[in-house]
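Structural overview
One-letter residues, chain by chain:
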Amino acid sequence: MSSMSRGYAALAGVTAAAVAVGAAEPVAVLTGPRSAPLIAVGGLVVDLVPESLKHFAISLFGTHDKIALLIGTGVLLAAFAALLGVLAARRFWIGLAGIAAFAALGVVAALTRPGADPAAALPALVGGGLGALTLWAFVAGPLAPDLWPWSPPTPAGPARPAEPGERGTPAGGGAAPEGRPVAPAPVAPVGVRAAGRGEETDPEGRRRFLRGVGVLAGAAAVAGLGGHWLAGRRGVSAARHAVTLPTPSAAAPAVPAGADLSLAQLAPYVTPNSGFYRIDTALVVPQVDPATWRLRIHGRVRNPIELSFADLLARPLVERYMTLACVSNEVGGDLIGNARWLGVPIKELLDEADPEEGADQVVGRSVDGWTCGTPTAVLRDGRDALLAVGMNGEPLPVAHGFPVRMVVPGLYGYVSACKWVTELELTSFADFDAYWVPRGWSAQGPIKTQSRIDAPRPRNRLTAGPVTVAGVAWAQHRGIRGVEVRVDSGPWQPATLAPAVSVDTWVQWSWRWDATPGEHALQVRATDADGVTQPGKRSPVAPDGATGWHTVRVTVR
Ligand SMILES: Nc1nc2c(c(=O)[nH]1)N[C@H]1C(S)=C(S)[C@@H](COP(=O)(O)O)O[C@H]1N2
Ligand SMILES: [Mo]
């Protein structure tokens, strides 16, 4: 095959794949966004890839890791499709088998997503079918150029006259390409054949091929983007806007004056919803209709409970400031935020459900099948663990768990903060491992005392003289007793703590530094209210949270 033929064949393969992916989208509008093949396969990848790789992706792409995954999947798919096109131009059945394999992967991925029904197979099936048809049209059908190895020379070619069954003759269009190699193709040397047709003799065939590529790729793009847009319109943002949150029966304590030092580089004491970090395994944000949402509290309980959203809102609601942190937060990282949460105390619901002895784990389960395991004792020890419906005075943003999520002070999100929660199942740690546990993370995830320097930022250039060093420190549900700063491994100096609402939130701190010219390393460490100082030994985020002191290097002139 000449390189030009290979290029055309690759183009045919990629166009067929684009048609497959694009055609699946409008179908997925009906069967649910998670049944779209790219999303379903991406979701399977998210669940299957080793944790180290996932962590690498998060560290590389931050919270854009999902977009990166989808683009990566798309690029890989295009590369395979190009290869399939080239193979299909030699033996059409290989291309067909390849498309069937991809469709099968899409079907399996969509059907094995938690909560999937049999209709989830449809997008991949429809996409696969239309993709196969497209490939056939380019390789053996009406859009095929005269470039493939089995293509007999055209009438104008030097080698021989046209054969019956060739494209352009009545039997040509629909004939199975496998039948074609019976044409005495190898008669002339390849070079002569390539020069003898295609480049000079079949310009119309190639124009038709390229027009086909343009039209079909365009149609695929319209179907894909249109379907995606339509699926978005079927979301729950209208239902979210229609929610009116009741006034809490126990309002949040006021934020004390001075809790927010309002420094330019310092994270605000209360994190706005738009700036709140987002971490989850969901490639498409679950759209949960509050009208049909139910929470089941079941498993090892004497009195199983089922609640609707209206039932939940009818109960006394409390509002509390709580700082939520991700176990994947690196020392100095920003996977942490503080918000005012409105919700129903989980303790009251558990008391009503009446857990059996030995049911030491409450498994929160999301609509998308994700699970977290929280110690029953923690949820009942009187702390403000909430089934939250509000965040900073608004219904939960859809990406943060609308309509209902868990928030538990003192525990990392992966063991406590289930978004889009629909079940609390009482079980034991011995009997069930939640989502992250078999993936190498600890079953228990209490927050580790940590502190971060926000101002100055790494590599800031400062002027010698007084400099305000400031940041945040947290040890949720224990509280922060003190923060210390040191310069160039000198003596630790006490920083000034700003007031905080409660031990369940982070606290801002500041320290006045008389900066001298040169390169300097600033370090911070916190001591919790139990008197335990954060260790300097660096340990990675897995299995249960990073340790070490945040260090910021600056230049003073
Ligand atoms: N359904 C669901 N809930 C989830 C997760 C998830 O992957 N799926 N991730 C958890 C993790 S690891 C964290 S840190 C918090 C983050 O909550 P946020 O995205 O609202 O900041 O959500 C938790 N709840
Ligand atoms: Mo997390």
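Quick note: structure is the one above.
Predicted, not measured: the structure shown is a model, and the values here were computed from it. (Residues numbered from 1 in each chain as written. Chains lettered and ligands numbered in written order. Predicted model: local features only at pLDDT ≥ 70, side-chain atom pairs only at ≥ 80, totals over all residues. Heavy atoms only, no water.)

Where helix α2 (residues 37-48) meets helix α5 (residues 92-112), the closest approach of the two axes is 8 Å, and the angle between their N-to-C directions is 70 degrees. As far as their axial angle goes, α5 and α2 are roughly perpendicular. When the axes of α2 and α5 are compared, the crossing they make is left-handed. On α5, the residues that touch Ala-40, Val-41 and Leu-44 of α2 are Leu-105, Gly-106, Ala-109, Ala-110 and Thr-112. Here the contact of α2 with α5 is composed, by residue class, of six nonpolar, two polar and no charged. (Axes fitted to C-alpha atoms, helices over the stretch in contact; angles between N-to-C directions. Helix = DSSP H or I, 4+ residues; strand = E, 2+ residues; numbered from the N terminus. Parallel < 35°, antiparallel > 145°, perpendicular 65-115°, else oblique. Left-handed = near helix turned anticlockwise from the far one by under 90°. Contact = heavy atoms within 4.5 Å. Nonpolar A, V, L, I, M, F, W, Y, C, P; charged D, E, K, R; others polar.)

Not every one of the 19 residues close to ligand 1 is listed here, only the nearest: Tyr-277, Thr-281, His-400, Arg-405 and Lys-419. One nitrogen or oxygen atom from the side chain of His-400 is found 2.6 Å from an oxygen atom belonging to ligand 1. In this structure, Lys-419 approaches ligand 1 through a side-chain N or O atom, which is 2.5 Å from an oxygen atom. In the complex, the protein chains occlude 99% of the 540 Å² of accessible area that ligand 1 would expose alone. Here the shell around ligand 1 is built from residues that sort into 10 nonpolar, four polar and five charged. (Near = heavy atom within 4 Å. Polar contact = N/O pair within 3.5 Å; in protein donor to acceptor, adjacent residues only side chain to side chain. Areas by Shrake-Rupley, 256 points an atom, 1.4 Å probe, with all protein chains shown as cover.)

Strand order in the open sheet formed by five strands is β12-β19-β18-β14-β15, with mixed pairing between adjacent strands. In this open sheet, the two edge strands, each paired with only one partner strand, are β12 (461-462) and β15 (493-494). (Pairing = 2+ DSSP bridges.)

Tallied over the entire structure, the rule returns 12 aromatic pairs. Ring geometry for Trp-370 versus Tyr-435: centroids 6.5 Å apart, planes at 40 degrees, classification tilted. Residue Trp-370 is located in the loop between β5 (361-366) and β6 (371-375), and its partner Tyr-435 is located in the loop between β10 (421-427) and β11 (450-455); the two are separated by 65 residues in the primary sequence. Here Trp-370 and Tyr-435 have matching classes, each one buried. Counting every residue linked through ring pairs, the aromatic cluster contains Trp-370, Tyr-414, Tyr-435, Trp-436 and Trp-441. Cation over ring: Arg-439 sits above Tyr-435, and NZ or CZ is 3.7 Å from the ring centre. (Phe/Tyr/Trp six-rings, centres within 6.5 Å; stacked < 30°, edge-to-face > 60°. Buried < 20%, exposed > 50% of the residue type's maximum accessible area, 1.4 Å probe, protein only. Lys NZ or Arg CZ within 6 Å of the ring centre and 35° of its normal.)

Quick look at the sheet that holds strand β17 (residues 507-515) now. The strand order across the open sheet built from four strands is β11-β13-β17-β16, with neighbouring strands paired in antiparallel fashion. Of all the strands in the sheet, just β11 and β16 (496-497) have a single pairing partner and so form its edges. With nine bridges joining them, strand β13 (residues 465-474) and β17 adopt antiparallel strand pairing. Its bridge partner lying in β17, Gly-471 is registered against Trp-509.

The next thing to look at is the side chain of Ser-366. With respect to the helices and strands, the residue Ser-366 is situated in strand β5. In this structure, Ser-366 is in contact with Cys-418, Lys-419, Trp-420, Val-421 and Thr-422, ignoring residues within four places of it in sequence.

Now for the pairing of β10. Within β10, six of the seven residues are buried, which leaves the element mostly enclosed by the surrounding structure. Pairing geometry for strand β1 (residues 294-299) and β10, over four bridges, is parallel. Bridge assignment links Gly-299 to a residue of β10, and that residue is Leu-426.

As a further point, take the nonpolar core. Core analysis: the biggest nonpolar cluster contains 85 residues, and Ile-297, Trp-341 and Leu-387 have the highest contact counts within it. Residues in contact with Ile-297, not counting those within four places in the same chain, are Pro-304, Ile-305, Leu-349, Leu-350, Ala-353, Leu-424 and Leu-426. One finds Tyr-8, Ala-89, Leu-135 and Val-213 within the second-largest nonpolar core, a separate group that totals 24 residues. (Core = buried A, V, L, I, M, F, W, Y, C linked by side-chain atoms within 4.5 Å.)

Quick look at the side chain of Glu-25 now. Relative to the helices and strands, Glu-25 is located in helix α1 (residues 3-31). In this view, Glu-25 contacts Ala-36, Ala-223, Gly-224, Gly-227 and His-228; residues no more than four positions away in its chain are not counted.

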